[in-house]
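One-letter residues, chain by chain:
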Amino acid sequence: MDRTLAADLARLPELLDATRGAAADALATLDARPVVPAAGKPHDPEPLPEHATGTDAALAAFRDRWEPRLSASAGPRYLGFVTGGATPAALAGDWLTAVHDQNSNSALDGGGQDLERETVGWLRDLFGLTAAHSGTFVSGATMSNTTGLAIAREWLGERLGVSPAEDGAAALGPVRVLSGAPHSSIAKALSVLGLGRNSLVRVPTLPGREAVDPAALERALADTPGPAVVVANAGTVNTVDFDDLRAIEALRERHDFWLHTDAAFGAFAALAPEHAHLVDGLDASDSVCVDLHKWLNVPYDSAVQFTRRRDLQARVFQNSAAYLGPLGAHPDLVHLTPENSHRLRALAAWFTLRAYGRQGHREIVERDITCARALGAALEADPAFTLLAPVRLNVVCFTLAEAPTPERLTALREAVAAEVFVTPTVYGGTAAVRAAFSNWRTTQADVRRAAEALGAAAREIA
């Protein structure tokens, strides 16, 4: 064994304690650090060290060279994208995921699979899904949507008497995927799956909404006979608008289609009694995407994919090798996702669900919704801003009242970056900004700081 590696092994408890100290320092200063540090000159890449220097030196180099440039994305005022943090329990679970270093895909070493299945069962219950849905962990919403649409692709083949998994996507002929306001990952998934971005048909939405118009969807389904795929939205990224899932389900009486619901963060509305009606009908979906490193507040990367047709899922992703477990009625996880290597992502989710339960996570969801409403009210009261949509759940979509050009909005975002991070978007043809609340630490004090920083910056650039 290399001499330095052997020395690190001998000092492992001491090195882990030093790492714990570095982690505690980083988390203790989240509130005081710039949310996004000012951009500096990029470091020139250093050459790979020729000789071992050990973990102490690597930790010191990281803290000096890279840590100051990292955003406070785990903190309470990182409102860009839809980014959670890591609850204390989730952080503990993630550390232990690395410690135990499981590839939890095979029944030959089945503890990890059993833990994942238990966690999936808890999540299924959390989101109001029935036992008809089976689930699997994947890396994020993009992979969850891709997996769900891969199963939909095989369902189309089943309807047409072919198997895209065996014969290729070309065997299907033209495919229609209908959606009102699809997330960008849907088109990406269609490209990866060989169905093509052009198979995505955008259906008109309700006036002033991002929710699909059910009557327009029915007309689109009637335009071309034959099976189709419908992608419903349970929480759009700009305004958290929800399709009427019950109305879409009712269309099945007259039309043949696979229903995939992108509920990346909107599924968490099920935890809040005031908002649970938004996901009424979610269980009728044939496949469902839920992202966990958003509102469950587990570390990146983590999502779950649910489906009613695990048999088709295994047909798509089966991996035949003597050292892998069999398909059978309960296939190993290796047969259910694109990954052969599958870290025990479920452990962080298991820890936070076990530690805080339904009520603890409901409190996070409801507090974030209250914070979003408070920021929306503050911006609506400030003449410098215009709200572009009602605050339906946890996202505030707004713009400058005067001259909302992309350049001015970029200046606004850059001016507040040390205090609050928000992301650019376009809504209804207007350049805009999104503030998304999904972090477990965020409080009304953070809302006040964000609103004051945005107001001051808007007056500066006026």
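Here the structure is a predicted model, which means the values were calculated and not measured.

Participant: How would you explain a nonpolar patch on the surface if you had to name every residue and give the values?
Facilitator: A contiguous nonpolar patch, built from Met1, Leu5, Leu9, Leu12 and Leu16 and spanning about 550 Å² of accessible area, is present on the exposed surface. Of all the secondary structure elements, the ones that give two or more residues to the nonpolar patch are α1 (3-10) and α2 (12-28). Relative to the helices and strands, leucine 5 resides in helix α1. Taking the relative accessible area as the measure of exposure, leucine 5 reaches 51% and is therefore exposed.

Participant: Could you give me a rundown of the sheet that holds strand β10 (residues 423-427), with the residues and numbers involved?
Facilitator: Sheet architecture is open: 4 strands sit in the order β8-β9-β11-β10, paired in antiparallel fashion. Among the strands making up the open sheet, the edge pair consists of β8 (385-387) and β10. Recorded for the sheet is a direction-independent mean angle of 45° between the axes of neighbouring strands. When β8 meets strand β9 (residues 395-400), the two strands line up antiparallel, connected through 3 bridges. The partner of phenylalanine 385 across the bridge, within β9, is leucine 400. Sitting on the sheet, helix α14 (residues 406-416) is in contact with β8, β9, β10 and β11 (430-436), with an inclination near 25° to β11.

Participant: Can you lay out the pairing of strand β5 (residues 257-262) for me, pointing to particular residues and giving the numbers?
Facilitator: Two faces belong to every sheet, and in a regular strand the side chains alternate between them. Burial within β5 is extensive, with 6 of its 6 residues counted as buried. Where strand β4 (residues 228-233) meets β5, 6 bridges bridge the pair, whose relative direction is parallel. Note on β5: the bridge partner recorded for valine 229 is tryptophan 258. Viewed along the sheet, the connection from β4 through helix α10 (residues 245-250) into β5 turns out right-handed.

Participant: So what about the packing of helix α6 (residues 141-160) against helix α12 (residues 310-317)? Which residues, and what values?
Facilitator: Running from N to C, α6 and α12 cross one another at 100°; their axes reach a closest spacing of 9 Å. Between α6 and α12, the angle falls in the class roughly perpendicular. Taking contact as the criterion, the partners of Thr147, Ala150, Ile151, Arg153, Glu154, Trp155 and Glu158 in α6 are, on α12, Leu312, Gln313, Arg315, Val316 and Phe317. Residues of the contact of α6 with α12, tallied by class, amount to 6 nonpolar, 2 polar and 4 charged.

Participant: Can you explain the sheet that holds strand β3 (residues 200-202)? Please cite residues and give values.
Facilitator: Strand order across the open sheet formed by 7 strands is β1-β7-β6-β5-β4-β2-β3, with mixed pairing between neighbours. Each end of this open sheet is capped by a strand with a single partner; those strands are β1 (134-138) and β3. For this sheet, the mean angle separating the axes of adjacent strands, direction not counted, is 20°. Taken together, the 3 bridges between β5 and strand β6 (residues 287-291) define a ladder with parallel strand orientation. Paired with histidine 260 across the two strands is serine 287, which belongs to β6. Against the sheet, α6 contacts β1, β4, β5, β6 and β7 (303-307), and its axis sits at roughly 175° relative to β5. Together, β2 (177-179), β3, β4 and β5 form the strand contacts of helix α8 (residues 184-192), whose direction differs from that of β3 by roughly 155°.

Participant: Run through unusual backbone geometry, naming residues and quoting values.
Facilitator: That bond from tyrosine 300 to aspartate 301 is cis: its omega, 0°, falls within 30 degrees of zero. With respect to the helices, strands and loops of the structure, aspartate 301 is situated in the loop between α11 (292-295) and β7. A positive phi is found at phenylalanine 81, a non-glycine position, where the angle reads about 55°. Tracing the chain through its elements places phenylalanine 81 in the loop between α3 (55-65) and α4 (88-100).

Participant: Which residues make up the environment of phenylalanine 127, and what are the values?
Facilitator: Along the chain, phenylalanine 127 falls in the loop between α5 (111-126) and β1. Here phenylalanine 127 falls in the buried class, since its relative accessible area comes to 3%. With 223 residues separating them along the chain, phenylalanine 127 and tryptophan 350 place their C-alpha atoms 15 Å apart. Beyond its immediate sequence surroundings of up to four residues, phenylalanine 127 is in contact with Ala267, Phe268, Ala270, Leu271, Leu282, Val290 and Phe306.

Participant: Account for the layout of surface pockets, naming residues and giving values.
Facilitator: Empty space left among the atoms is revealed by rolling a probe the size of a water molecule over them. Quantified by volume, the largest pocket comes out at close to 1000 Å³. What lines the largest pocket is a set of 33 residues, among which Ala23, Leu27, Ala74, Leu91 and Trp95 lie closest to the centre. Broken down by secondary-structure element, the contributors of at least two residues to the lining of the largest pocket are α2, α3 and α4. Residue classes in the lining of the largest pocket are distributed as 21 nonpolar, 8 polar and 4 charged. Counted as a void, the second largest pocket has a volume near 560 Å³. If you trace the second largest pocket, you find 29 residues lining it, with Val82, His183, Ser184, Val237 and Lys294 closest to the centre. Of all the secondary-structure elements, those providing two or more residues to the lining of the second largest pocket are α6, α8 and β10.

About the criteria used
Residues numbered from 1 in each chain as written. Predicted model: local features only at pLDDT ≥ 70, side-chain atom pairs only at ≥ 80, totals over all residues. Heavy atoms only, no water. Patch = residues over 30% accessible without salt bridge, like charges linked within 9 Å, V, L, I, M, F, W, Y side chains within 5 Å. Areas by Shrake-Rupley, 256 points an atom, 1.4 Å probe, with all protein chains shown as cover. Salt bridge = Lys/Arg side-chain N within 4 Å of Asp/Glu carboxyl O. Helix = DSSP H or I, 4+ residues; strand = E, 2+ residues; numbered from the N terminus. Buried < 20%, exposed > 50% of the residue type's maximum accessible area, 1.4 Å probe, protein only. Pairing = 2+ DSSP bridges. Axes fitted to C-alpha atoms, helices over the stretch in contact; angles between N-to-C directions. Contact = heavy atoms within 4.5 Å. Right-handed = clockwise from strand over helix to strand, strands pointing away. Parallel < 35°, antiparallel > 145°, perpendicular 65-115°, else oblique. Nonpolar A, V, L, I, M, F, W, Y, C, P; charged D, E, K, R; others polar. 1 Å grid on protein atoms, 1.4 Å probe; cavity = no way out; pocket = protein on both sides within 12 Å on 5 of 7 lines; lining within 4 Å. Points joined across faces, edges and corners; volume = space filled by probe spheres on them.

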